[in-house]
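Chain by chain, the residues:
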Amino acid sequence: MRLSAAIGRIQPSATLAIMARAAELRAGGRDIISLSVGEPDFPPPPSACTAAIAAIERGEHAYTAVEGTRALREAVQAKFARENGLQYGLDELIVTTGGKQAIWNAFQATLDDGDEVLIPTPYWVSYPDMALLAGGTPVFVQTTEAAGYRLDPHALAGAIGPRTRWFVLNSPSNPTGITYSAAELRAFADVLLEHPDLQILSDDMYEHIRYGDDAFATIAAVEPRLKGRTLTLNGASKAFSMTGWRIGYAGGPRDLIRAMAKAQSQTTANPSVIAQEAAVGALTGDLGFLEERRADYQRRRDLVHARITAIPGLSAPLPEGAFYLYVGCTGLIGRTTPAGAQLTTDEDVAAWLLENGVAVVHGAAFGASPAFRISYAVAPAQLAEACRRIEAAVASLA
Ligand code: PLP
């Protein structure tokens, strides 16, 4: 089979690949705790399930508007106004098959060969590959563990060039959990105002999973002059534990939204009508469960951060949001396993932890090594057992 050059430039999603490998080992009888995938372990809220069942019972079955039903766009419009202080017209909103598709649509609609997409490291695995598939060139802006993986506005300014089309801002971040305050976003905005041709992707997918006292801040609200060139992305996957239902949504300038809908009309068309009804139920229903879940994630964060950073050779900043811990593992590189293998990369470290019954994702997949990412959206007992296995495995290294 002759495959395209574009498909040859990208990697399969490392997180999904490791999740599949862990499931395969489990099916073969191995006891594996998977801390690999970014998936809430709660069920969707009853408001979503009831709405989906009602939609099925009503016989909903047909295509909807490509950009999503009016009812869902109205619910999204109300959400952006209520929670983010962002006012969008219905024609400035699009509903997509998962948040992923909104990014895909946006890059397909705007990138020409060689156009650059600025992505701070460590990054969520899909941004660079989606840019590459759209003919773009990812350009990475480095952050360091010493700086808590926070992006320096000067580094941002220094990385913007004549071909830069997008700046990708993800807060709370997958994979580090860092969460930018309004003041930090203000500093980025000051840089971005100097570059009127640059568009901003504000990926707010983890908005509702935050541990600080500050209100959530998103850049189009912090600096309204940027709203006309910002795509604000969110969705049902993480907030409502609806990863498999595949509903994302985004607000942005009308021309961009229209172009994204055009791309979507020639690929998937509308997201599942049943999932859209479920998302209306979730967005308009009781949201009290969000705080309970947030507090639950916070207890797990505290547990996993304390246990992992107490292990000699491992380090991690305290995450302020999302449900990931990004663990620096410089102290393990060069050491030798009981079987005599030397750990030379973070991929070796992840493979060796898998042998010891814990699936994590190596840092190279996120563009910052040597490190690995832990997802702590698993039951506390499993999390504690996974920490015990990591402690024992590290203690066995020569
Ligand atoms: N953005 C970030 C930062 C994510 O971590 C994810 C999923 O892992 C997405 C977007 C996409 O979410 P969805 O599952 O809705 O496509």
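Residues numbered from 1 in each chain as written. Predicted model: local features only at pLDDT ≥ 70, side-chain atom pairs only at ≥ 80, totals over all residues. Heavy atoms only, no water.

## Some details on the environment of G8
Tracing the chain through its elements places G8 in helix α1 (residues 5–9). For the pair formed by G8 and P153, sequence separation is 145 residues and the distance between their alpha carbons is 33 Å. (Helix = DSSP H or I, 4+ residues; strand = E, 2+ residues; numbered from the N terminus.)

## A few points about empty space enclosed by the protein
Applying the stated rule across the entire model yields 4 cavities of 30 Å³ or more. Within the residue set of the lining of the largest cavity, elements represented by two or more residues are β3 (116–120) and β5 (164–170). A total of 3 residues in the lining of the largest cavity trace back to one element, the largest contributor, which is β5. Among the residues making up the lining of the largest cavity, the classes are represented as 11 nonpolar, 6 polar and no charged. (1 Å grid on protein atoms, 1.4 Å probe; cavity = no way out; pocket = protein on both sides within 12 Å on 5 of 7 lines; lining within 4 Å. Points joined across faces, edges and corners; volume = space filled by probe spheres on them. Nonpolar A, V, L, I, M, F, W, Y, C, P; charged D, E, K, R; others polar.)

## Digging into the sheet that holds strand β12 (residues 371–375)
One open sheet holds the 3 strands; their spatial order is β9-β12-β11, and the pairing between them is antiparallel. Two strands in the sheet have a free side with no partner beyond their single neighbour: β9 (324–328) and β11 (361–362). Note that β11 and β12 share 2 bridges and pair antiparallel. Within β12, the position partnered with V361 by the bridge is R373. Running at roughly 10° to β9, helix α12 (residues 289–309) makes contact with β9 and β12 of the sheet. (Pairing = 2+ DSSP bridges. Contact = heavy atoms within 4.5 Å. Axes fitted to C-alpha atoms, helices over the stretch in contact; angles between N-to-C directions.)

## Side note on the sheet that holds strand β6 (residues 199–203)
In any sheet, the strands associate via hydrogen bonds between backbone groups, in a parallel or an antiparallel arrangement. Overall, mixed pairing links the 7 strands, which are arranged β2-β8-β7-β6-β5-β3-β4 in an open sheet. Unpaired on one side and paired on the other, β2 (93–96) and β4 (137–141) mark the two borders of the sheet. When strand polarity is set aside, the average angle formed by the axes of neighbouring strands in this sheet is 20°. Both strand β7 (residues 230–235) and strand β8 (residues 248–251) contribute to a ladder of 4 bridges, which runs antiparallel. For N234, the partnering residue across the bridge sits in β8 and is Y249. Running at roughly 115° to β2, helix α4 (residues 70–84) makes contact with β2, β7 and β8 of the sheet. Along the sheet, helix α10 (residues 254–265) contacts β2, β5, β6, β7 and β8; its crossing angle with β2, the most-contacted strand, is approximately 25°.

## Thoughts on the site of the ligand
The environment of the ligand is formed by 13 residues, the closest being G99, D203, Y206, S237 and K238. G99 is positioned such that a nitrogen or oxygen atom in its backbone is 2.7 Å from an oxygen atom of the ligand. Y206 is positioned with one of its side-chain polar atoms (N or O) 2.7 Å from an oxygen atom of the ligand. Protein contact buries 93% of the 390 Å² of open area that the ligand shows by itself. If you map the ligand onto the pockets, it falls in the largest pocket. Looking at the shell around the ligand residue by residue, the class counts come to 4 nonpolar, 5 polar and 4 charged. (Near = heavy atom within 4 Å. Polar contact = N/O pair within 3.5 Å; in protein donor to acceptor, adjacent residues only side chain to side chain. Areas by Shrake-Rupley, 256 points an atom, 1.4 Å probe, with all protein chains shown as cover. Sits in = over half its atoms within 2 Å of the grid points.)

## Let's talk about the pairing of β12
Among the 5 residues that make up β12, 5 are buried, leaving the element largely enclosed by the rest of the structure. Judged by which residues are buried, β12 turns out to be covered on both faces: A371, R373 and S375 on one side and F372 and I374 on the other are all buried. Relative to β12, β9 is paired through 5 bridges, and the arrangement is antiparallel. Across the sheet, residue V327 finds its bridge partner in β12, namely F372. (Buried < 20%, exposed > 50% of the residue type's maximum accessible area, 1.4 Å probe, protein only.)

## Things to note about the packing of helix α5 (residues 99–110) against α10
Look at α5 against α10: their axes get within 8 Å of each other, and the N-to-C directions meet at 105°. The angle between the axes of α5 and α10 places the two elements in the roughly perpendicular class. Across the interface between the two elements, Q101, A102, N105, A106, A109 and T110 from α5 touch L256, A259, M260, A263 and Q264 from α10. Counted by class, the contact of α5 with α10 contains 7 nonpolar, 4 polar and no charged residues. (Parallel < 35°, antiparallel > 145°, perpendicular 65-115°, else oblique.)

## Some points on the pairing of β5
Counting buried positions over the 7 residues of β5 gives 6, a clear majority of the element. With 3 bridges connecting them, β3 and β5 associate as parallel partners. Paired with V117 across the bridge in β5 is W166. Between the parallel elements β5 and β6, the chain passes through helix α8 (residues 182–192) in a crossover that is right-handed. (Right-handed = clockwise from strand over helix to strand, strands pointing away.)

## A few points about the side chain of N105
Take N105: it is sitting in helix α5. On the basis of relative accessible area, N105 is assigned to the buried category, the value being 0%. Those residues in contact with N105 that sit more than four places away from it in its chain are I94, T96, M260, A263 and Q264.

## Some thoughts on the domain arrangement of the protein chain
By the assigned domains, the protein chain splits into domain 1 (5–43 + 289–395) and domain 2 (46–284). Put simply, the middle of domain 1 and the middle of domain 2, counted by C-alpha atoms, are 26 Å apart. Buried surface at the junction of domain 1 and domain 2, both sides included, amounts to about 2900 Å², of which 58% is carbon and sulfur. The three residues of domain 1 that bury the most area against domain 2 are L290, E320 and F366, which together make up 20% of that side's buried surface. The interface formed by domain 1 and domain 2 includes 1 salt bridge. R150 serves as the salt-bridge partner of E320, at 3.2 Å between the closest nitrogen and oxygen. At the boundary of domain 1 with domain 2, the tally comes to 17 residue pairs in polar contact (both at pLDDT 80 or more). Here the side of domain 1 that touches domain 2 takes 7 residues from α12, the largest share from any one element. Its residues placed into classes, the side of domain 1 that touches domain 2 shows 22 nonpolar, 9 polar and 7 charged. (Domains from an automatic or database assignment. Buried area = accessible area lost by both parts, 1.4 Å probe. Salt bridge = Lys/Arg side-chain N within 4 Å of Asp/Glu carboxyl O.)

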